[in-house]
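One-letter residues, chain by chain:
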Amino acid sequence: MSKLPGKRKKIKKRFIFLQLVTLIMVWFFVWYIDVAGDRYDLHTAMFFSEESPADMEGFTFTCDPEGVVEAGKPYLSEEREVIVPLASQKTGEAHVTIKLSVNGFDEPIIREVDITVSNMGTIIEHNLYYTNFNGYQLVNMLFWGWIGLTLVVMLYSFYECVKKSDYSYRMIAYGGISLFLAVMLVIIMYKILNNVVNSFSALVALVMQTGEWFVMLLLVPMLVMAVALSVSNIQLLRREGFRPANALGIGLSVVWLTGLLFTLGNNLFGGGFGEESELMSVLRFLMTFIVTYFECMLISTAVCAFLATRYTPPYDRDYIIILGCAIRRDGSLTPLLKGRADAALAFEKRQYEETGKHACFVPSGGQGADEVISESEAMERYLLSQGVEPEYIKREDKSVNTFENMKLSKKVIEENTDDISAEKIAFSTTNYHVFRGYILAAKNGFEAKGISAKTKWYFFPNAFIREFIGLLVDQLWRHLSFIGAMILLLIAIAWIM
């Protein structure tokens with residue numbers, strides 16, 4: 001249920017639990033790396049059979065510059081690979097050279113690796129194939145566990161919103177994050193089953209590639225959506241005239257294509273953009289995840305808006321607000337507004353047939369500069385012509401937009417009841433507008449269920465884009481926090497490395 005203005009929203013226990021688990025995981029990771037990271041078993045990739053054993057006495061270890069790491073006595077693993085235990089001495093970078101004499105060979109076997117000792121004293125090995133440190137397995141397990149736990153929490157929260165018909169921006173956020181994490185988890189499980197994640201660098205690479213794979217996976221659906229948005233906007237502009245709001249789909253399509261070229265340009269055009277610098281690679285990685293994140297939110301917006309139009313409120317309503325829009329010059333209803341009024345009438349008729357309970361209509365809408373009467377009066381006349389008794393009509397004739405429709409209709413209802421929270425309210429509007437109705441009712445501090453009226457197909461895509469942009473604006477700080485957390489994660493990795 002929507003909270004009344006002025007009341008603090010209670011944080012659900014599952015999110016408190018998720019935050020605590022996240023803090024514990026981060027603390028445990030830092031503690032473990034601090035305790036165990038200053039020791040590292042360097043795998044030399046030197047394997048010896050019993051017929052050709054390594055001469056451990058001929059082992060030499062060189063660190064340039066000296067004093068960054070110290071080598072212990074080498075030993076053979078069960079697979080008969082030579083392992084060199086290292087201990088960190090001071091922060092810095094070093095080039096390590098290992099020489100090992102082998103019986104039967106005139107020349108020693110030489111292995112060279114680059115070693116970094118981080119600010120925490122963690123020994124990090126860099127070579128041509130991977131980057132690793134002691135405890136990467138724990139990092140993998142903690143990360144996959146956190147992804148799985150967060151996915152469960154988000155999926156349950158989305159399910160709870162659907163079950164309670166809580167069509168809100170947080171429902172979109174739950175759906176979008178669930179989609180993003182689900183795809184990531186599927187890719188992760190596939191890679192784990194194929195033994196690809198065998199080092200810390202493999203983990204980082206997998207996370208980076210997930211964003212690229214996701215963008216590639218959604219390339220065709222998003223391209224179709226971009227074309228559909230542009231076509232629908234062209235139809236909308238031809239029929240409704242030019243307004244910035246009527247070109248949102250075209251604008252979003254251009255932004256998405258620009259982001260696509262920046263994030264996947266080298267892959268799509270076979271490296272035609274040349275070699276990347278390290279900074280450009282990091283920027284592309286960030287941009288890929290941002291594009292992926294917002295693609296998930298866009299898909300979730302479309303799904304949530306669709307679910308909102310398919311939902312039918314319980315037949316127990318006390319009031320039905322009819323959201324206004326422009327009327328004809330003679331004061332009659334336009335097809336769009338007539339559709340909203342007819343949907344409200346059909347719902348009330350069905351409710352009376354099933355429960356014997358009448359609902360009061362609240363036609364809402366003021367008089368525009370080019371309108372002969374108010375929208376609410378035009379709707380009242382139509383309701384009366386359809387046989388509605390005057391006592392079942394409570395007119396609101398001051399509002400000039402949908403937000404005021406809800407705000408002033410609430411006041412009308414409050415004038416006719418002792419406790420609005422005890423009243424069951426519905427609102428009737430065009431299908432592409434239903435989701436926005438839920439949002440604006442909640443912003444005005446009351447709960448209302450949407451009744452959907454049909455309209456032309458070309459209104460839909462632009463309406464989804466409007467709700468998507470509304471999500472970005474309404475939840476701006478949360479989105480910025482997510483993006484900021486991604487940047488901080490990269491900085492943290494760079495600092496540790």
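Keep in mind that what you see is a predicted model, and the values were worked out from it rather than measured.

**Some thoughts on the overall build of the protein**
Reasoning step 1: For the protein, the helix and strand inventory stands at 13 helices and 13 strands.
Reasoning step 2: Taking all contacts inside the protein whose residues are at least 6 apart in sequence as the whole, residues at least 24 apart take part in 70%.
Reasoning step 3: Taken as a whole, the protein presents about 26200 Å² of accessible surface, with 60% of it coming from carbon and sulfur.

**Describing the packing of helix H8 (residues 335-355) against helix H9 (residues 375-385)**
Reasoning step 1: With their axes 11 Å apart at the nearest point, H8 and H9 run at an angle of 45° to one another. Here H8 is positioned oblique relative to H9, judged by the angle of their axes. Classified by chirality, the crossing of H9 by H8 is right-handed. In this structure, H8 uses Leu337, Lys338, Ala341, Asp342 and Leu345 to contact H9, whose residues at the interface are Met379, Tyr382 and Leu383.
Reasoning step 2: Here the residues of the contact of H8 with H9 sort into six nonpolar, no polar and two charged.

**Overview of the nonpolar core**
Reasoning step 1: In terms of nonpolar packing, the biggest core is built from 35 residues, with Ile321, Met406, Ile413, Ile425, Phe427, Phe435 and Phe446 touching the most fellow members.
Reasoning step 2: Per element, the largest residue contribution to this core is six residues, and it comes from helix H11 (residues 434-443).
Reasoning step 3: Contacts of methionine 406, omitting those with residues within four sequence positions, involve Ile321, Leu323, Phe427, Gly437, Leu440, Ala441, Asn444 and Phe446.
Reasoning step 4: Membership of the second largest hydrophobic core comes to 30 residues, among which are Met25, Leu142, Leu151 and Leu298.

**Quick word on the packing of aromatic side chains**
Any pair of aromatic rings gets described here by the distance separating the centres and the angle formed by the planes.
Reasoning step 1: Under the criterion given, the structure shown has eleven aromatic pairs.
Reasoning step 2: An aromatic cluster is present here, built from Trp27, Phe28, Trp31 and Tyr32 joined pairwise through their rings.

**A look at a nonpolar patch on the surface**
Reasoning step 1: The grouping of Ile11, Ile16, Leu20, Leu23 and Ile24 at the surface amounts to a nonpolar patch, some 500 Å² of accessible area in total.
Reasoning step 2: Within the fold, isoleucine 16 resides in helix H1 (residues 13-36).
Reasoning step 3: With relative accessibility at 38%, the residue isoleucine 16 sits in the partly exposed group.

**Regarding the confidence of the model for the protein**
Reasoning step 1: Summing up the model confidence of the protein, the mean pLDDT is 81 and the portion of residues at 70 or higher is 79%.
Reasoning step 2: Under a pLDDT of 50 for its full length, residues 1-8 has, in the predicted model, eleven contacts with residues more than four places off or in other chains.
Reasoning step 3: Every residue in residues 268-274 scores below 50 in pLDDT, and together they form ten contacts with partners more than four places removed in sequence or on other chains.

**Topic: the sheet that holds strand S11 (residues 360-364)**
Reasoning step 1: Strand order across the open sheet formed by four strands is S11-S10-S12-S13, with parallel pairing between neighbours. For this open sheet the edge positions go to S11 and strand S13 (449-453), each flanked by a neighbour on one side alone. When the angles between neighbouring strand axes are averaged without regard to direction, this sheet yields 25°.
Reasoning step 2: As paired strands, strand S10 (residues 319-323) and S11 are joined by five bridges and run parallel to one another. Residue isoleucine 320 lies in a different strand from S11, and its bridge partner there is phenylalanine 361.
Reasoning step 3: Across the sheet, H8 is in contact with S10, S11, strand S12 (425-430) and S13; its angle to S10 comes to roughly 170°.

**Details of H11**
Reasoning step 1: With respect to burial, H11 is a largely interior element, eight of its ten residues being buried.
Reasoning step 2: Taken as a whole, H11 has its buried residues at Val434, Phe435, Arg436, Gly437, Tyr438, Ile439, Leu440 and Ala441.

**Some remarks on the packing of helix H2 (residues 136-163) against helix H3 (residues 169-193)**
Reasoning step 1: At a minimum axis distance of 8 Å, the contact between H2 and H3 shows a crossing angle of 145°. Like other packed secondary-structure pairs, H2 and H3 cross with a definite hand, here left-handed. Along its contact with H2, which presents Phe143, Trp144, Ile147, Gly148, Thr150, Leu151, Met154, Leu155, Ser157, Phe158, Cys161 and Val162, the element H3 presents Met171, Tyr174, Gly175, Ile177, Ser178, Leu181, Ala182, Met184, Leu185, Ile188 and Ile192.
Reasoning step 2: The residue makeup of the contact of H2 with H3, split by class, is 18 nonpolar, five polar and no charged.

**A look at the pattern of salt bridges**
Reasoning step 1: Taken as a whole and assessed by the stated rule, the structure comprises 14 salt bridges.
Reasoning step 2: Residues glutamate 160 and lysine 164 are paired through a salt bridge, measuring 3.6 Å at the closest nitrogen-oxygen approach.
Reasoning step 3: With a shortest N-O distance of 2.6 Å, arginine 395 and glutamate 380 are connected by a salt bridge. On the criterion of sequence distance, the pair formed by arginine 395 in the loop between H9 and helix H10 (402-415) and glutamate 380 in helix H9 is long-range, its members being 15 residues apart.
Reasoning step 4: Owing to a relative accessible area of 33%, arginine 395 belongs among the partly exposed residues under this scheme.

Rules behind the numbers
- Residues numbered from 1 in each chain as written.
- Predicted model: local features only at pLDDT ≥ 70, side-chain atom pairs only at ≥ 80, totals over all residues.
- Heavy atoms only, no water.
- Helix = DSSP H or I, 4+ residues; strand = E, 2+ residues; numbered from the N terminus.
- Contact = heavy atoms within 4.5 Å.
- Areas by Shrake-Rupley, 256 points an atom, 1.4 Å probe, with all protein chains shown as cover.
- Axes fitted to C-alpha atoms, helices over the stretch in contact; angles between N-to-C directions.
- Parallel < 35°, antiparallel > 145°, perpendicular 65-115°, else oblique.
- Left-handed = near helix turned anticlockwise from the far one by under 90°.
- Nonpolar A, V, L, I, M, F, W, Y, C, P; charged D, E, K, R; others polar.
- Core = buried A, V, L, I, M, F, W, Y, C linked by side-chain atoms within 4.5 Å.
- Buried < 20%, exposed > 50% of the residue type's maximum accessible area, 1.4 Å probe, protein only.
- Phe/Tyr/Trp six-rings, centres within 6.5 Å; stacked < 30°, edge-to-face > 60°.
- Patch = residues over 30% accessible without salt bridge, like charges linked within 9 Å, V, L, I, M, F, W, Y side chains within 5 Å.
- Salt bridge = Lys/Arg side-chain N within 4 Å of Asp/Glu carboxyl O.
- pLDDT = per-residue confidence, 0-100.
- Pairing = 2+ DSSP bridges.

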